[in-house]
Amino acid sequence: MLPGLIVGGKMISSFRRKFLSGAAALAATAALAPLHAQGPAKTRLVLLGTGGGPRIVAPGRSKSANLIVANGVPYVVDCGEGVAHQLVRAGVALNTLRYVFITHQHSDHNLDYGNLIYDAWAAGLRTAVDAYGPPPIKAMTEAYFQLNRFDIETRIGDEGRPDLRKLVTAHEFAEPGPLMQNAEVGVTAARVRHPPIAHAYAYRFDAPDRSIVISGDTTYSPELIALAKGADVLVSEVMHLAGLETLLKKVPNAATLREHLLASHIVTEDLGKLAAAAGVKTLVLTHFVPPDDNSITDDMWTEGVRKHYGGQIIVGRDLLEI
């Protein structure tokens with residue numbers, strides 16, 4: 001393990017300092033652009049889906065998913081329903097899929113995990129895919145392949161495709177710390193607070209030109225503050241209390257949803273405090289709860305955050321590149 005800082009009693013890798021030494025951190029800017037518009041050396045962030053919660057809303061925000069492209073290699077963080085479609089809309093060829101990360105096992109973050117990998121295979125995937133996530137990602141991967149065994153084996157025999165099951169490696173972890181490092185990026189995980197799910201994680205991606213942290217689902221978490229210290233960009237979920245009652249009326253079969261939301265998601269003012277404590281340069285709002293309340297304006301989303309945080313705030317939308 002590389003030397004680093006302590007987060008929640010665990011050693012967190014400091015390869016970010018190695019990556020960032022001698023290189024100026026890039027200021028985050030919000031602009032839609034095709035992924036080939038800039039050179040491959042720049043690390044790029046695209047919000048594929050910015051809606052929170054499992055309900056299908058139309059029109060509305062797509063389900064939780066993010067894309068980081070480091071030196072031309074795509075890293076997908078969370079696989080809410082429709083993630084493959086959003087990748088294509090973002091200009092990413094599905095058969096270039098290499099890395100998948102799941103923050104926690106809630107359906108709006110993992111429902112299309114297996115489908116994304118299958119869709120990449122259908123699009124011509126021939127190379128290895130590494131998937132990282134908390135339990136039970138190994139069992140999920142095996143179950144998906146078993147569910148689709150007939151189709152996969154038919155296409156192997158009939159179409160001459162490589163065996164998808166041999167291309168995918170699921171890396172299951174249950175503790176915070178460094179997950180992987182290659183020539184393009186280093187990835188570290190920190191456990192965040194999202195009860196009742198014990199294994200909920202945020203990820204930090206450190207590339208030579210910028211550091212990006214993706215919160216996953218969380219309430220106010222000192223562990224997330226430690227992980228995000230000095231990051232160029234923090235992509236965080238956000239909940240607006242003004243829209244809570246309207247949201248609850250749309251989900252009449254969830255008797256204790258109010259308690260869950262208040263206990264496990266971060267409200268705007270707390271997010272401002274967290275971002276300020278972490279000293280992040282740019283804060284990007286995503287995983288909006290509620291995801292479909294048009295009465296909540298962009299200014300309303302940022303108002304509570306701005307009370308405590310003085311950096312740049314970006315109100316996310318689907319397919320926005322930061």
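Quick look at the structure, then.

## Structural notes on the packing of helix H4 (residues 113–122) against helix H5 (residues 137–147)
Line of reasoning, step 1. Viewed as axis vectors pointing N to C, H4 and H5 meet at an angle of 55°, and their least axial separation amounts to 10 Å. Comparing their axes, H5 and H4 come out oblique. Where H4 crosses over H5, the two elements pack in a sense that is right-handed. Residues Tyr113, Gly114, Asn115 and Tyr118 of H4 form the contact with H5, whose participating residues are Ile137, Met140, Thr141 and Tyr144.
Line of reasoning, step 2. Residue classes in the contact of H4 with H5 are distributed as five nonpolar, three polar and no charged.

## Some words on the sheet that holds strand S10 (residues 186–191)
Line of reasoning, step 1. Reading across from one edge, S9-S10-S11-S12-S13-S14-S15 is the order of the seven strands in this open sheet, with mixed pairing throughout. Two strands close off the open sheet at either side, each with one partner strand: strand S9 (177–181) and strand S15 (312–315). Taken pair by pair, the neighbouring strands of this sheet meet at an average axis angle of 25°, ignoring direction.
Line of reasoning, step 2. Its contacts with the sheet put helix H11 (residues 268–278) on strand S13 (233–239) and strand S14 (282–289), and the angle it makes with S13 is roughly 160°.

## With respect to the environment of glutamate 142
Line of reasoning, step 1. Within the fold, glutamate 142 resides in helix H5.
Line of reasoning, step 2. When the C-alpha atoms of glutamate 142 and glycine 114 are compared, they prove to be 9.6 Å apart, with 28 residues separating the residues in sequence.

## A few points about the pattern of salt bridges
Line of reasoning, step 1. For the coordinates displayed, the defined rule picks out 14 salt bridges.
Line of reasoning, step 2. Arginine 149 is the partner of glutamate 153 in a salt bridge, and the nearest nitrogen-oxygen pair spans 3.2 Å. Of the two residues, glutamate 153 and arginine 149 are both situated in helix H6 (residues 149–159); the distance of four residues between them amounts to about one turn of the helix.
Line of reasoning, step 3. Across the pair glutamate 245 and arginine 258 runs a salt bridge whose closest N-O atoms are separated by 2.5 Å. Highlighted residues: glutamate 245 in helix H9 (residues 244–249) and arginine 258 in helix H10 (residues 257–264), separated in sequence by 13 residues.
Line of reasoning, step 4. The partly exposed category is assigned to glutamate 245, whose relative accessible area is 41%.
Line of reasoning, step 5. Among the residues examined, arginine 258 registers a relative accessible area of 34% and is labelled partly exposed.
Line of reasoning, step 6. A single network of salt bridges, built from pairs that share partners, joins Arg149, Glu153, Asp163 and Arg165.

## As for the nonpolar core
Line of reasoning, step 1. Ranked by size, the top nonpolar core spans 33 residues in total, and within it Val100, Tyr113, Leu116 and Leu164 carry the most contacts.
Line of reasoning, step 2. Where this core is concerned, the elements lending two or more residues are strand S3 (44–49), strand S4 (65–70), helix H2 (83–89), H4, strand S7 (129–133), H5, helix H7 (164–167) and strand S8 (168–172).
Line of reasoning, step 3. No other element matches H4, which puts six residues into this core.
Line of reasoning, step 4. The contact partners of leucine 164, leaving out residues within four places of it in the chain, are Ile117, Tyr118, Trp121, Leu125, Phe145 and Ile152.
Line of reasoning, step 5. Ala202, Val238, Val280 and Val305 belong to the second-largest nonpolar core, a separate cluster that totals 28 residues.

Here is what the cut-offs are and how they apply
- Residues numbered from 1 in each chain as written.
- Predicted model: local features only at pLDDT ≥ 70, side-chain atom pairs only at ≥ 80, totals over all residues.
- Heavy atoms only, no water.
- Axes fitted to C-alpha atoms, helices over the stretch in contact; angles between N-to-C directions.
- Helix = DSSP H or I, 4+ residues; strand = E, 2+ residues; numbered from the N terminus.
- Parallel < 35°, antiparallel > 145°, perpendicular 65-115°, else oblique.
- Left-handed = near helix turned anticlockwise from the far one by under 90°.
- Contact = heavy atoms within 4.5 Å.
- Nonpolar A, V, L, I, M, F, W, Y, C, P; charged D, E, K, R; others polar.
- Pairing = 2+ DSSP bridges.
- Salt bridge = Lys/Arg side-chain N within 4 Å of Asp/Glu carboxyl O.
- Buried < 20%, exposed > 50% of the residue type's maximum accessible area, 1.4 Å probe, protein only.
- Core = buried A, V, L, I, M, F, W, Y, C linked by side-chain atoms within 4.5 Å.

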